[in-house]
Amino acid sequence: MIHHVSLGTNDVARARAFYDPVLAVVGLRLLEQDVGELHYGAGTFLFSLVTPVDGTPATPGNGVHIAFAAGSRAQVDTFHRVALDNGGVSDGVPGLRPEYNPNYYGAFVRDPDGNKIEAVTYSGR
């Protein structure tokens, strides 16, 4: 079982300005902030943004993305819109992805550091 997932950031303030409104769409909020770290969740940490402990710049991983569960297609649409409104770049507009599953409805975004995130639902509504 996964405890939490972390992505790198080079600018904690910029990451917070992006992730606070975006993660609110899927029910996550900032639970703790420390120097160089942001920790989001709904009761315990689920998702973190951290500056690399080795001191080198954070870079997005090739093939890595984090998918957040959405309760509806409207929530996926809102996640995508809010992400773009807060400095994200679309990496796949909201829509069905039948190549994954006939009911897979998702949207992909790059955060300000270039990390790829997604909101997805299997709901037909």
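Since we're looking at a predicted model, the values are computed, not measured.

1. Details of the packing of aromatic side chains
(1) Moving on: For the coordinates displayed, the defined rule picks out seven aromatic pairs.
(2) Moving on: Considering the side-chain rings of Phe18 and Tyr19, the 4.8 Å spacing of their centres and the 90 degrees angle between planes classify their relative orientation as edge-to-face. The residues Phe18 and Tyr19 share a single accessibility class, namely buried.
(3) Moving on: On the basis of relative accessible area, Tyr19 is assigned to the buried category, the value being 0%.
(4) Moving on: Positioned above the aromatic ring of Phe108 is the side chain of Lys116, whose terminal nitrogen or guanidinium carbon lies 5.1 Å from the ring centre.

2. Describing the side chain of Arg97
(1) Moving on: Position of Arg97 among the secondary structure elements: in the loop between β6 (89-96) and β7 (105-110).
(2) Moving on: With no salt bridge to any partner, buried Arg97 finds its closest opposite charge in Glu99, at an N-O distance of 4.8 Å.
(3) Moving on: Within the local environment of Arg97, its side chain forms a polar contact with the backbone oxygen of Gly95, the two atoms lying 2.9 Å apart.
(4) Moving on: Ignoring sequence-local partners within four residues, the contact set of Arg97 consists of Gly92, Tyr104, Gly106, Ala107 and Phe108.

3. Thoughts on the pairing of β7
Looking along a regular strand, one sees the side chains alternate between the two faces of the sheet.
(1) Moving on: The element β7 is extensively covered by neighbouring structure, given that five of its six residues are classed as buried.
(2) Moving on: Bridge count for β6 against β7 is five bridges, and the pairing is antiparallel. Paired with Gly92 across the bridge in β7 is Phe108.
(3) Moving on: In sequence, β7 turns back onto strand β8 (residues 116-121) through a hairpin of five residues, with Gly114 there showing a positive phi of about 95 degrees.

4. Focus on the pattern of salt bridges
Note on pairing: side chains with opposite charge can pair once their charged atoms come close.
(1) Moving on: Under the counting rule described, the total for this entry stands at five salt bridges.
(2) Moving on: The salt bridge partner of Arg16 is Asp20, with a shortest N-O separation of 2.8 Å. Remark: Asp20 and Arg16 occur in helix α1 (residues 12-25); sequence separation between them is four residues, near one turn of the helix.
(3) Moving on: Classification of Asp20 as partly exposed rests on a relative accessible area of 28%.
(4) Moving on: Residue Lys116 pairs with Asp91 through a salt bridge whose shortest N-O separation is 3.4 Å. Here Lys116, found in strand β8, pairs with Asp91, found in strand β6; they are 25 residues apart in sequence, far enough to count as distant.

What counts as what
- Residues numbered from 1 in each chain as written.
- Predicted model: local features only at pLDDT ≥ 70, side-chain atom pairs only at ≥ 80, totals over all residues.
- Heavy atoms only, no water.
- Phe/Tyr/Trp six-rings, centres within 6.5 Å; stacked < 30°, edge-to-face > 60°.
- Buried < 20%, exposed > 50% of the residue type's maximum accessible area, 1.4 Å probe, protein only.
- Lys NZ or Arg CZ within 6 Å of the ring centre and 35° of its normal.
- Helix = DSSP H or I, 4+ residues; strand = E, 2+ residues; numbered from the N terminus.
- Lys, Arg positive; Asp, Glu negative; His and termini not counted.
- Salt bridge = Lys/Arg side-chain N within 4 Å of Asp/Glu carboxyl O.
- Polar contact = N/O pair within 3.5 Å; in protein donor to acceptor, adjacent residues only side chain to side chain.
- Contact = heavy atoms within 4.5 Å.
- Pairing = 2+ DSSP bridges.

In short, the description is geometric, and any link to function would need to be established separately.
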